[in-house]
Amino acid sequence: MGNTVAREDFEWVYTDQPHADRRKEILAKHPEIKALMKPDYNLIWVVVLMVLAQLTAFYLVKDLDWKWVIFWAYVFGSCVSHSMTLAIHEISHNSAFGNSKAMWNRWFGIFANLPLGVPYSISFKRYHMDHHRYLGGDGIDVDIPTNFEGWFFCTRFRKFIWIVLQPFFYAIRPLCINPKPITRLEVINLLAQLSFDVVIYYLLGVKSTFYMLAGSVLGLGLHPISGHFIAEHYMFLKGHETYSYYGPLNLLTFNVGYHNEHHDFPNIPGKSLPLVKKIAAEYYDNLPQYNSWIKVLYDFVMDDTISPYSRMKRQLKGEVKQD
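It should be emphasised that the depicted structure is a prediction, and the values quoted were computed from it without experimental measurement.

J.: Summarise the overall build of the chain; cite the residues concerned and give the values.
T.: For the chain, the helix and strand inventory stands at 15 helices and four strands. The principal-axis extents of the C-alpha atoms in the chain amount to approximately 55 × 50 × 40 Å. By residue count, 54% of the 323 residues in the chain fall in the buried class. A fraction of 80% describes how many contacts in the chain between residues 6 or more apart in sequence connect residues 24 or more apart. Within the chain, the 29 negative side-chain charges are centred at a point lying 4 Å from the centre of the 31 positive side-chain charges.

What follows is the structure, encoded as structure tokens:
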């Protein structure tokens, strides 16, 4: 159980990411895909219903025994919380109100953030745009683990712990890899979140507050949906940087599993990504893909050739424009 993995560094590559070239090629062959580049207004109502569902859950758990608070935090709260982070992912791409109303999307992201308990939406948007523009960019893309993560989490047991602690590493990684000045919107996001948390604690008590925070931590750690963190870009097959997942959990995650399609067309809402795959099937059907995020988590832990180092990394050249 303690065997050290063979990989001792990231997979450094000296080619551009494949998504921009494939996007141009697909659009030249299938220009009808441009019609899918529009907002998904249904996302607004789905997010509102999710917020209401969590508010209802906060009320229902306030007088339960602690064992049931913990149970429902993992069984229900974690699923809604993780799903909400992926709704925020959609909103970060302006999928709710469109690019012409970018600020509407920022305010709506702050609203969607509330039942998570921790300010997330505005900072995520800033760093996620870098992830798309500079996939694998050294010192820019904070989706890439730190050297410490690659060096230390190198046995099966340690990789398991790394999965459990995913929320912690995603929170501190930007501060280690690519710290940015705090913006006015991030301060607003923080103040809105703290105010909401105080109101929940004052009105509903400690159990509801615990349910809210525990659901977010558990949902982003050892959880079936968290398989997408590893499935998206960890190099299970040499030379392949991005992988799609076509299993049933896409129903809870705004089709984030369609990840090759998403990186090829980040301005197409998740709702329409299955149609992208259908239209341009000749580009996607033969790419490596997954049907189980649980199996991805299991294989990541048990395969001694896979570790946090199993990522492609690039040394960026020329001018780098960040949010």
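There's plenty left to go through after this.
J.: Any details on the side chain of Arg22? Residues and values, ideally.
T.: As for its placement among the helices and strands, Arg22 is situated in helix α1 (residues 19-29). Accessibility expressed as a relative area gives 14% for Arg22, which makes it buried. Once you skip the residues sitting within four places of it in the chain, Arg22 turns out to touch Asn260, Asp264, Tyr283, Tyr284 and Leu287.

J.: Quick rundown of helix α15 (residues 293-302)? Include the residues and the values.
T.: Three or four residues apart is the spacing at which side chains of an α-helix point the same way, because the helix has 3.6 residues per turn. Buried within α15 we find Trp293, Val296, Leu297, Phe300 and Val301. Each buried residue of α15 lies within a common arc of 125° when the element is viewed along its axis, so the set occupies one face. Turned more than 90 degrees off the buried face of α15, the exposed positions are Ile294, Lys295 and Tyr298. Its side-chain oxygen at 3.4 Å from the backbone nitrogen of Ile294, Ser292 defines the N-terminal cap of α15.

J.: Break down the nonpolar core for me, citing the residues and quoting the values.
T.: Counting residues in each nonpolar core, the largest one holds 39 residues, and the members touching the most others are Val47, Met84, Trp162, Ile230 and Phe300. Among the elements of the structure, α2 (42-61), α3 (66-92), α4 (102-113), α7 (156-164), α11 (227-231) and α15 are those that each provide at least two residues to this core. Among the elements that make up this core, the one with the highest residue count is α3 (six residues).

J.: Break down helix α9 (residues 184-204) for me, citing the residues and quoting the values.
T.: Taking 1.5 Å as the rise per residue, α9 with 21 residues should run 30 Å; its terminal C-alpha atoms sit 30 Å apart, in good agreement. Among all positions in α9, only Leu185, Glu186, Asn189, Gln193, Phe196, Asp197, Ile200 and Leu204 are buried. Taken around the axis of α9, the buried residues stretch over an arc of 105°, which confines them to a single face. Of the exposed residues in α9, the ones pointing more than 90 degrees away from its buried face are Arg184, Val198 and Tyr202. Close packing links the buried residues of α9 with α2, α4, α5 (121-133) and α10 (206-219). Positive phi appears at Gly205, one or two residues downstream of α9, with a value of about 100°.

J.: Give a description of the packing of aromatic side chains that names residues and reports values.
T.: The tally for this structure, following the rule as stated, stands at 24 aromatic pairs. Seen from their ring centres, Phe153 and Phe169 are 5.3 Å apart, and the 80° between their planes marks the pair as edge-to-face. A residue pair is termed long-range when its members are at least 10 positions apart, and Phe153 in the loop between α6 (147-152) and α7 and Phe169 in helix α8 (residues 166-177) qualify at 16 residues. Taken together, the ring pairs in this structure connect Phe148, Trp151, Phe152, Phe153, Phe168 and Phe169 into an aromatic cluster.

J.: Go over the UniProt feature "transmembrane region" (unreviewed entry) in the chain, please, and point to the residues and values.
T.: Per the UniProt record, "transmembrane region" (unreviewed entry) is found at residues 43-61, 68-87 and 107-124. Along residues 43-61 one finds 100% helix and 0% strand; the C-alpha atoms at either end are 27 Å apart. As annotated, residues 68-87 has a helix share of 100% and a strand share of 0%, and its two end C-alpha atoms lie 27 Å apart.

Cut-offs used in this document
Every chain is numbered on its own, with residues counted from 1 as its sequence reads. Thresholds applied to this predicted model are a pLDDT of at least 70 for local features of residues and 80 or more for the giving and counting of side-chain atom pairs; totals over whole chains, interfaces and linings are not thresholded and use all residues. Side-chain numbers come from the whole structure's heavy atoms, not from hydrogens or water. Put simply, DSSP H or I for four residues or longer makes a helix, DSSP E for two residues or longer makes a strand, and each gets a number counted from the N terminus. A 1.4 Å probe rolled over the protein chains alone gives each residue an accessible area, and that area as a share of the maximum for its type sets the label: buried under 20%, exposed over 50%, partly exposed in between. Contacts: residue pairs with any heavy atoms within 4.5 Å of one another. Neither His nor the chain termini are counted; the positive set is Lys and Arg, and the negative set is Asp and Glu. In this description, the location of a charge corresponds to atom NZ of lysine, CZ of arginine, CG of aspartate or CD of glutamate. The directions considered for the arc run from the helix axis to the C-beta atoms. For this analysis, a polar contact is any N or O atom pair within 3.5 Å, provided that within protein one partner can donate a hydrogen and the other can accept it, and provided that sequence-adjacent residues contribute only side-chain to side-chain pairs. The definition of a nonpolar core used throughout is a set of buried Ala, Val, Leu, Ile, Met, Phe, Trp, Tyr and Cys residues joined through side-chain atoms within 4.5 Å. Expected span of a helix: the number of residues minus one, times 1.5 Å. Aromatic pairs are defined between Phe, Tyr and Trp rings, using the six-membered ring for Trp, whenever the two ring centres lie within 6.5 Å; interplanar angles under 30 degrees are classed as stacked, those over 60 as edge-to-face, and all others as tilted. UniProt positions are given in the numbering used here, feature names are shortened, and annotations may be inferred rather than shown by experiment.

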